[in-house]
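# Coordinates in review
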Amino acid sequence: MTSSASLSTQGGKLAGYTNYSYYKKSGSDQIVSAKSTLNRSLLSKYNYTKSQRTNVATHEIGHALRLSHSPSKSSVMYASDRYASIDHQDKVALDNAYNN
């Protein structure tokens, strides 16, 4: 996890972004490295609290652990919510990703 003075991707400005590489195996892909970056200028511009910054960092770490965006607004993995923290659904998603 790192931070950057600014962060811009093809989709526009983001609070955080995770880039990873993986080894393609038959049946499943194995992540071999991940780098999560937080956008300091955007977090400051929109007055993210310490708790909200933690939620964004947790969201990006979730991506590094192979979690996708969730349709549930109560999930830390919801695509655009700085207010959500880890909930039961996120724990189930991690369990499914690693215990199957």
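Residues numbered from 1 in each chain as written. Predicted model: local features only at pLDDT ≥ 70, side-chain atom pairs only at ≥ 80, totals over all residues. Heavy atoms only, no water.

### Some details on the overall build of the protein chain
In terms of helices and strands, the protein chain carries three helices and five strands. Each helix and strand of the protein chain, ordered N terminal to C terminal, gives the series β-β-β-β-β-α-α-α. Here the protein chain has a C-alpha radius of gyration of 14 Å; the compact-globule value for 100 residues is 13 Å, and the two agree. Across its three principal axes, the protein chain shows a C-alpha extent of roughly 45 × 30 × 20 Å. Residue pairs at least 24 apart in sequence account for 45% of intrachain contacts in the protein chain once pairs closer than 6 positions are excluded. In the form shown here, the protein chain has an accessible surface area of approximately 6700 Å², with 50% of it arising from carbon and sulfur atoms. Each charge class in the protein chain was averaged separately, 12 positive and 6 negative side chains, and the resulting centres sit 11 Å apart. (Helix = DSSP H or I, 4+ residues; strand = E, 2+ residues; numbered from the N terminus. Rg over C-alpha atoms; globule rule 2.2 N^0.38 Å. Contact = heavy atoms within 4.5 Å. Areas by Shrake-Rupley, 256 points an atom, 1.4 Å probe, with all protein chains shown as cover. Lys, Arg positive; Asp, Glu negative; His and termini not counted. Charge placed at Lys NZ, Arg CZ, Asp CG, Glu CD.)

### Overview of the packing of aromatic side chains
Applying the stated criterion across every chain yields a total of zero aromatic pairs. A cation over an aromatic ring shows up here: R66 above the ring of Y98, its NZ or CZ 5.1 Å from the ring centre. The lysine or arginine in question, R82, covers the ring of Y48, its NZ or CZ lying 4.1 Å from the ring centre. (Phe/Tyr/Trp six-rings, centres within 6.5 Å; stacked < 30°, edge-to-face > 60°. Lys NZ or Arg CZ within 6 Å of the ring centre and 35° of its normal.)

### Here we look at the side chain of H63
Its place among the elements puts H63 in helix α2 (residues 50-64). The exposure class assigned to H63 is buried, which follows from its relative accessible area of 15%. (Buried < 20%, exposed > 50% of the residue type's maximum accessible area, 1.4 Å probe, protein only.)

### A few points about the environment of A5
Inspection of the secondary structure puts A5 in the loop between β1 (2-4) and β2 (8-9). Its relative accessible area of 46% is what places A5 among the partly exposed residues. Placed 14 residues apart in sequence, A5 and N19 show a C-alpha to C-alpha distance of 17 Å. Among all residues touching A5, those that are not within four sequence positions of it are N39, R40 and S41.

### A few points about the layout of surface pockets
Space inside the largest pocket adds up to approximately 340 Å³. Around the largest pocket sit 19 residues that line it, and A15, G16, E60, A79 and S80 are the ones nearest its centre. Breaking the lining of the largest pocket down by element, the ones donating at least two residues are β4 (16-25) and α2. Of the residues forming the lining of the largest pocket, the biggest block, five residues, is contributed by α2. Across the lining of the largest pocket, the residue classes tally to eight nonpolar, seven polar and four charged. (1 Å grid on protein atoms, 1.4 Å probe; cavity = no way out; pocket = protein on both sides within 12 Å on 5 of 7 lines; lining within 4 Å. Points joined across faces, edges and corners; volume = space filled by probe spheres on them. Nonpolar A, V, L, I, M, F, W, Y, C, P; charged D, E, K, R; others polar.)

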